[in-house]
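Given next are the chains, with one letter for each unit.
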Amino acid sequence: MITRRKKTRKYGNSGRHRRRQLAGINPARSRSARNHPSVRRRTRQHNDIKDSSMRGAGSSSPPELESLVLKGEREAQPGNYIPLSFMGTAAAVVIASNERATLNSVVEELIRLPLQEIIVVLNGCSDGSFSALEHHPRLIKLSFPERLGHDVGRALGAAMTTCDSVLFVDGDLPVAAEDLAPFLLAIEQGSDVALNDITPFLPSFMKQDAVTYSKMFLNMTLGRRDLLANSLTAVPHALSRKALNTLGHISLIVPPKAHALALLHGLTVTAPHSVNVVKKNRIRSTNTGPTNAVAGLIKGDHIEALAEVMKACGTRLNFTRLTRGELAKVRNGR
């Protein structure tokens with residue numbers, strides 16, 4: 001009897017192997033490719049973003065947030081696009097005033113995020129910032145030849161978008177997309193206001209300036225000592241559609257006032273991530289020195305915010321007023 005030798009297959013799953021061959025994929029090479037440093041790095045980036053999206057969410061997070069989808073993976077270059085999947089829509093507002101040197105870098109980081117709209121407000125630019133953005137067709141550009149004011153552009157940009165969450169950045173401060181994503185994720189997970197936690201970058205209390213003291217005092221009067229010096233004054237930060245509808249985009253012209261109103265209305269205010277804008281902030285003649293114009297403007301804005309708090313909480317700002325006798329007892333430890 002003649003027995004035929006049984007043919008052995010090089011690969012265990014001939015059907016899958018055949019499909020992969022037809023697709024031009026070598027199984028042996030694909031296995032080694034998975035161990036390539038660039039692929040491992042991209043996997044780590046995906047896991048890092050997933051971990052940041054779930055931090056603090058607990059088991060109550062909706063299933064949509066538990067798996068992050070790489071939108072447009074085929075079109076994106078490896079390592080460039082941030083793999084985020086939002087239940088709602090997201091937009092970014094960029095405020096620029098003669099920021100030609102850094103504006104493109106800011107926009108390039110925003111393009112790495114799944115944003116439906118990117119609005120650039122050119123506030124009194126005379127350095128060619130408008131033409132510098134011509135190669136970005138996705139942008140919505142609002143150009144105002146005359147400077148409108150320090151924070152007016154923020155309100156105008158907010159009025160132009162109808163997205164569910166809006167990220168605010170400055171045109172003079174490029175921030176990596178990896179550092180911008182946590183603010184949008186915080187809004188996706190239920191925050192109404194996601195602040196930049198600048199606390200780690202501040203000096204000791206005795207060396208802090210009057211602007212920092214003003215921020216801390218405002219938060220203290222509103223019962224949010226935990227926010228320390230974090231405020232809508234600092235970028236980047238993000239707002240939900242609920243916050244924008246509650247506050248009104250006009251209130252963003254005075255960021256500390258908008259911050260106070262958000263807390264007075266019971267909105268959810270968090271500080272999910274830290275970006276060092278203290279060190280990286282562009283040095284100008286108007287923001288340096290103990291009596292610079294920007295510091296004076298911010299302190300004045302906080303006075304306006306405190307006036308708003310007084311309307312709701314009284315002139316004592318929620319602080320208990322003691323009689324002279326009661327005060328003496330406290331001092332004497334009785």
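About the cut-offs
Residues numbered from 1 in each chain as written. Predicted model: local features only at pLDDT ≥ 70, side-chain atom pairs only at ≥ 80, totals over all residues. Heavy atoms only, no water. Helix = DSSP H or I, 4+ residues; strand = E, 2+ residues; numbered from the N terminus. Buried < 20%, exposed > 50% of the residue type's maximum accessible area, 1.4 Å probe, protein only. Areas by Shrake-Rupley, 256 points an atom, 1.4 Å probe, with all protein chains shown as cover. Expected span 1.5 Å × (residues − 1). Arc of directions from axis to C-beta. Contact = heavy atoms within 4.5 Å. Axes fitted to C-alpha atoms, helices over the stretch in contact; angles between N-to-C directions. Parallel < 35°, antiparallel > 145°, perpendicular 65-115°, else oblique. Left-handed = near helix turned anticlockwise from the far one by under 90°. Core = buried A, V, L, I, M, F, W, Y, C linked by side-chain atoms within 4.5 Å. Phe/Tyr/Trp six-rings, centres within 6.5 Å; stacked < 30°, edge-to-face > 60°. Lys NZ or Arg CZ within 6 Å of the ring centre and 35° of its normal. Salt bridge = Lys/Arg side-chain N within 4 Å of Asp/Glu carboxyl O.

Colleague: Residues and numbers for the overall build of the protein, please.
Modeller: Of the regular secondary structure elements, the protein holds 14 helices and 7 strands. Within the protein, buried positions represent 41% of all 334 residues. Split by element, the accessible area of the protein, about 19100 Å² in all, is 52% carbon and sulfur.

Colleague: Got a sec to walk through helix α5 (residues 100-111)? Specific residues and values, please.
Modeller: For α5, built from 12 residues, the straight-helix expectation of 16 Å at 1.5 Å per residue is met to within 8% by its first-to-last C-alpha distance of 17 Å. Along α5, the residues that are buried comprise L103, N104, V106, V107 and L110. Looking straight down α5, one finds that the buried residues subtend no more than 160° of arc, so they occupy a single side. Looking at the buried positions of α5, the neighbouring elements they touch are β1 (90-96), β2 (117-123), α6 (129-132), β4 (165-170) and α8 (177-188).

Colleague: Please set out the packing of helix α9 (residues 210-221) against helix α13 (residues 293-313) residue by residue, giving values where relevant.
Modeller: Interaxial distance between α9 and α13 falls to 9 Å at its minimum, and their mutual angle equals 15°. In this view, α9 runs roughly parallel relative to α13, as classed from their interaxial angle. Here the hand of the crossing between α9 and α13 comes out left-handed. Judged by residue contacts, A210, V211, S214, K215, F217, L218 and T221 of α9 engage A295, I298, K299, H302, A305, L306 and V309 from α13.

Colleague: Can you lay out the nonpolar core for me, pointing to particular residues and giving the numbers?
Modeller: In this structure, L110, L113, L115 and L167 are the most contacted members of the largest nonpolar core, which totals 38 residues. Where this core is concerned, the elements lending two or more residues are β1, α5, β2, β4 and α8. Top contributing element to this core by residue count: α8, with 8 residues. The residues touching L167, leaving out its near neighbours within four places in the chain, are A91, A92, V93, L110, L113, L180, F183, L184, P236, H237 and A238. Formed by 31 residues, the second largest nonpolar core is a distinct cluster that contains F168, A258, A260 and A305.

Colleague: Which residues make up the packing of aromatic side chains, and what values go with them?
Modeller: Counting across every chain of the model gives 1 aromatic pair. Seen in terms of ring centroids, F205 and Y213 are 4.9 Å apart; in terms of plane orientation they differ by 45°. Their pairing is tilted. For K141, the ring lying beneath its charged end belongs to F130, and the centroid distance is 4.2 Å.

Colleague: I'd like to hear about the environment of T89, residue by residue, with values.
Modeller: Within the secondary structure, T89 is located in the loop between α4 (63-66) and β1. Taking the C-alpha atoms as reference points, T89 and S165, 76 residues apart in sequence, are found 6.5 Å from one another. In this view, T89 contacts Q116, C163, D164 and S165; residues no more than four positions away in its chain are not counted.

Colleague: Give a detailed account of the environment of L142, specifying residues and quantitative values.
Modeller: Mapping L142 onto the fold places it in strand β3 (residues 140-144). Owing to a relative accessible area of 15%, L142 belongs among the buried residues under this scheme. Here the alpha-carbon distance between L142 and L122, two residues 20 residues apart in the chain, equals 5.9 Å. If sequence neighbours within four positions are ignored, L142 has contacts with I119, V120, V121, L122, L156 and M160.

Colleague: So what's going on with the pattern of salt bridges? Residues and values would help.
Modeller: Summed over the entire model, instances satisfying the criterion amount to 7 salt bridges. The partner of R154 in a salt bridge is D151, with the nearest N and O atoms 3.2 Å apart. Given the relative accessible area of 10%, D151 is considered buried. Ionic pairing is found between K311 and E308, a salt bridge with its closest N-O pair at 3.6 Å. Of this pair, K311 and E308 both sit in helix α13, 3 residues apart, which is roughly one turn of that helix. Beyond isolated ion pairs, a larger network of salt bridges with shared partners links K257, E304, E308 and K311.

Colleague: Residue-level account of unusual backbone geometry, with values.
Modeller: Across the chain, the bulk of peptide bonds are trans and the bulk of non-glycine residues have phi less than zero. Following V235, the chain continues to P236 via a peptide bond in cis, the omega torsion being -10°. One non-glycine residue, N98, lies in the positive phi region at around 60°. Mapped onto the secondary structure, N98 falls in the loop between β1 and α5. Positive phi outside glycine occurs at L228, with the angle close to 55°. Inspection of the secondary structure puts L228 in the loop between α9 and β6 (237-240). Take L228: its relative accessible area is 35%, and that puts it in the partly exposed class.

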